[in-house]
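Below are the chains, spelled out letter by letter.
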Amino acid sequence: QVQLVESGGGLVQPGESLKLSCVATKVIFSIYSMGWYRQAPGKQRELVADITSDGRTNYADSLKGRFTVSRDGAKNTVYLQMNSLKPDDTAVYYCNIRLFRKASDYWGQGTQVTVSS
């Protein structure tokens, strides 16, 4: 069965950085687009960034270039580098296999990111 496992979340102060990882198993990772989403308490899950199989990326406009998504096909891993973190970045971050230019039902368990002073 397809599995996606996120890691790298934690508690940081405003202005600090984190790098999240998502490892895919039992899937031909290299042929799929991958997305990072986040969900804050009381809010809907939203797309943060995505990356195609050939490395093209896009980002939520609200992030203003602070986040960078990348992938390593040899490691079946997609990354999300998050810089200059703000308290409103606090959320559970999920990775997803994207199909038909949108989220599929294949989600990881999520990793908690908390930005607080």
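Structural data are supplied above this passage.
Predicted model, so just to flag it, every value in this text is computed and none were measured.

A. Fine view of the overall build of the chain. Of regular secondary structure, the chain possesses zero helices and eleven strands. In sequence order, the secondary structure elements of the chain are arranged as β-β-β-β-β-β-β-β-β-β-β. Since a compact globule built from 117 residues should have a radius of gyration of about 13 Å, the 13 Å found for the chain is in line with a globular shape. If you line up the chain on its principal axes, its C-alpha atoms span 40 × 25 × 25 Å. Counting every position in the chain, which comprises 117 residues, the buried fraction comes to 39%. Contacts in the chain between residues far apart in sequence, at least 24 positions, make up 54% of those at least 6 positions apart. Counting every atom, the chain has about 6,600 Å² of accessible surface; 47% of that belongs to carbon and sulfur. Side-chain charges of the chain comprise 14 positive and 10 negative groups, with the mean position of each set lying 2 Å from the other.

B. Region of the structure containing the pairing of strand β8 (residues 77-82). With five of six residues buried, β8 lies mostly within the body of the structure. The pairing of strand β3 (residues 18-25) with β8 spans six bridges and is classified as antiparallel. By the bridge assignment, Ser21 is partnered in β8 with Tyr79. As defined by bridge partners, strand β7 (residues 67-72) adjoins β8 across six bridges and the pair is classed as antiparallel. By the bridge assignment, Ser70 is partnered in β8 with Tyr79. Between the end of β7 and the start of β8, which pair antiparallel, lie four residues, with Asn76 showing a positive phi angle near 50°.

C. Looking closely at the environment of Arg45. Topologically, Arg45 is positioned in the loop between β4 (33-39) and β5 (46-51). For Arg45, a relative accessible area of 32% puts it in the partly exposed group. Considering only alpha carbons, one finds Arg45 and Val92, 47 residues apart in sequence, at a separation of 9.1 Å. Aside from chain neighbours lying at most four places away, what touches Arg45 is Tyr37, Arg38, Gln39, Tyr94 and Trp107.

D. Here's a closer look at the sheet that holds β7. Taken in spatial order, the four strands make up an open sheet running β1-β3-β8-β7, and their pairing is antiparallel. Because the sheet does not close on itself, it has two edges, and the strands there are β1 (3-7) and β7. In this sheet, adjacent strand axes meet at a mean angle of 15° when their direction is disregarded.

E. Spotlight on the nonpolar core. In this structure, Trp36, Val48, Phe67, Val78, Leu80, Met82 and Tyr93 are the most contacted members of the largest nonpolar core, which totals 27 residues. When residues of this core are traced back to their parent elements, those giving at least two are β3, β4, β5, β7, β8, β9 (91-99) and β11 (111-115). Apart from residues lying up to four places away in sequence, Phe67 is in contact with Arg38, Val48, Tyr59, Leu80, Gln81, Met82, Asn83, Leu85, Asp89 and Tyr93.

F. Spotlight on the pattern of salt bridges. The final tally for this structure, using the stated rule, is three salt bridges. Taking the shortest distance from any N to any O, the salt bridge between Asp89 and Arg66 comes out at 2.8 Å. Here Asp89, found in the loop between β8 and β9, pairs with Arg66, found in the loop between β6 (57-59) and β7; they are 23 residues apart in sequence, far enough to count as distant. Counted as one network, the salt bridges with shared partners bring together Arg38, Arg66 and Asp89.

Criteria and cut-off values
Residues numbered from 1 in each chain as written. Predicted model: local features only at pLDDT ≥ 70, side-chain atom pairs only at ≥ 80, totals over all residues. Heavy atoms only, no water. Helix = DSSP H or I, 4+ residues; strand = E, 2+ residues; numbered from the N terminus. Rg over C-alpha atoms; globule rule 2.2 N^0.38 Å. Buried < 20%, exposed > 50% of the residue type's maximum accessible area, 1.4 Å probe, protein only. Contact = heavy atoms within 4.5 Å. Areas by Shrake-Rupley, 256 points an atom, 1.4 Å probe, with all protein chains shown as cover. Lys, Arg positive; Asp, Glu negative; His and termini not counted. Charge placed at Lys NZ, Arg CZ, Asp CG, Glu CD. Pairing = 2+ DSSP bridges. Axes fitted to C-alpha atoms, helices over the stretch in contact; angles between N-to-C directions. Core = buried A, V, L, I, M, F, W, Y, C linked by side-chain atoms within 4.5 Å. Salt bridge = Lys/Arg side-chain N within 4 Å of Asp/Glu carboxyl O.

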